[in-house]
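A structural walkthrough
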Amino acid sequence: QVQLVESGGGSVQAGGSLRLSCAASGNIFSITAMGWYRQAPGKQRELVARMPNGGSTVYVDSVKGRFTIARDNAKNTVSLQMNSLRPEDTAVYYCNVVANFRHCWGQGTQVTVSS
């Protein structure tokens, strides 16, 4: 079984920064991708950023140039540095790891950006 533990998040004013972190642990044989999704109230969950093994990093258009995803493969961690935050970035952010060919999800962490 794979466990994901998220940290970071919180409340910030528009223009501020936050950093999310996620650590994967448990019986992990392989990780093929790590990323972040978010879900705002009344909206569907959407991809924010994703780093597949050996592939190109993907960002949703609305965060390009503001958010940066990073992986530490030795520690099975993924982070999301969020700069120039906007009120529309307010959402619950979920870590997603494709481990052992299965999608695993973190518990979610709230990010609130006030104007």
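Our subject in this report is the structure included herewith. (Residues numbered from 1 in each chain as written. Predicted model: local features only at pLDDT ≥ 70, side-chain atom pairs only at ≥ 80, totals over all residues. Heavy atoms only, no water.)

Once that is clear, we can look at the overall build of the protein. Per the secondary structure count, the protein includes zero helices and 11 strands. Listing each helix as α and each strand as β along the protein from the N terminus yields β-β-β-β-β-β-β-β-β-β-β. Here the C-alpha radius of gyration of the protein, 14 Å, is about what a compact globule of 115 residues would show, namely 13 Å. Across the 115 residues in the protein, those meeting the buried criterion constitute 38%. Contacts in the protein between residues far apart in sequence, at least 24 positions, make up 53% of those at least 6 positions apart. Here the protein displays about 6,100 Å² of accessible surface, and carbon together with sulfur accounts for 48% of that area. (Helix = DSSP H or I, 4+ residues; strand = E, 2+ residues; numbered from the N terminus. Rg over C-alpha atoms; globule rule 2.2 N^0.38 Å. Buried < 20%, exposed > 50% of the residue type's maximum accessible area, 1.4 Å probe, protein only. Contact = heavy atoms within 4.5 Å. Areas by Shrake-Rupley, 256 points an atom, 1.4 Å probe, with all protein chains shown as cover.)

Tracing the chain through its elements places asparagine 96 in strand E9 (residues 91–99). Within the structure, the side chain of asparagine 96 is placed 3.3 Å from the side chain of histidine 103, a separation counted as a polar contact. With residues near it in sequence (within four places) discarded, asparagine 96 still touches Ala33, Met34, Gly35, Tyr37, His103, Cys104 and Trp105. (Polar contact = N/O pair within 3.5 Å; in protein donor to acceptor, adjacent residues only side chain to side chain.)

A word on the state of the cysteines. Scanning all chains against the criterion turns up one disulfide. The partner cysteine of cysteine 22 in its disulfide is cysteine 95, sulfur to sulfur 2.1 Å. Its torsion about the S-S bond being -80°, the disulfide of cysteine 22 and cysteine 95 is classed as left-handed. Of this pair, cysteine 22 sits in strand E3 (residues 18–26) while cysteine 95 is found in strand E9, placing the two residues 73 residues apart along the sequence. Owing to a relative accessible area of 0%, cysteine 95 belongs among the buried residues under this scheme. Considering cysteine sulfurs only, cysteine 95 is the nearest to cysteine 104, which forms no disulfide, with 9.3 Å between them. For cysteine 104, a relative accessible area of 15% corresponds to the buried category. (Disulfide = S-S within 2.5 Å.)

What follows concerns the nonpolar core. Ranked by size, the top nonpolar core spans 29 residues in total, and within it Leu4, Trp36, Val48, Phe67, Leu80, Met82 and Tyr93 carry the most contacts. Counting residues per element, this core draws most heavily on E9, at five residues. The residues contacting phenylalanine 67, other than those within four sequence positions of it, are Arg38, Val48, Tyr59, Leu80, Gln81, Met82, Asn83, Leu85, Asp89 and Tyr93. (Core = buried A, V, L, I, M, F, W, Y, C linked by side-chain atoms within 4.5 Å.)

Moving on: the sheet that holds E3. One key point about sheets: their strands pair by backbone hydrogen bonds, in either a parallel or an antiparallel sense. Strand order in this open sheet of four strands is E1-E3-E8-E7, and the pairing throughout is antiparallel. On the outer flanks of this sheet lie strand E1 (2–8) and strand E7 (67–72), each paired with one strand and no other. Taking the axes of each pair of neighbouring strands and ignoring which way they run, one obtains an average angle of 15° across the sheet. Pairing between E7 and strand E8 (residues 77–82): six bridges, direction antiparallel. Residue arginine 71 lies in a different strand from E8, and its bridge partner there is valine 78. (Pairing = 2+ DSSP bridges. Axes fitted to C-alpha atoms, helices over the stretch in contact; angles between N-to-C directions.)

For the rest of this paragraph, the subject is the pattern of salt bridges. Counting across every chain of the model gives four salt bridges. Measuring nitrogen to oxygen at the nearest pair gives 3.0 Å for the salt bridge that ties arginine 38 to aspartate 89. Of this pair, arginine 38 sits in strand E4 (residues 31–39) while aspartate 89 sits in the loop between E8 and E9, and the two are 51 residues apart along the sequence. Here the two residues arginine 38 and aspartate 89 agree in accessibility, since each one is buried. Between aspartate 89 and arginine 66 there is a salt bridge, with its nearest N and O atoms 2.8 Å apart. Taken together, the residues span a long stretch of sequence, with aspartate 89 in the loop between E8 and E9 and arginine 66 in the loop between strand E6 (58–59) and E7 at a distance of 23 residues. (Salt bridge = Lys/Arg side-chain N within 4 Å of Asp/Glu carboxyl O.)

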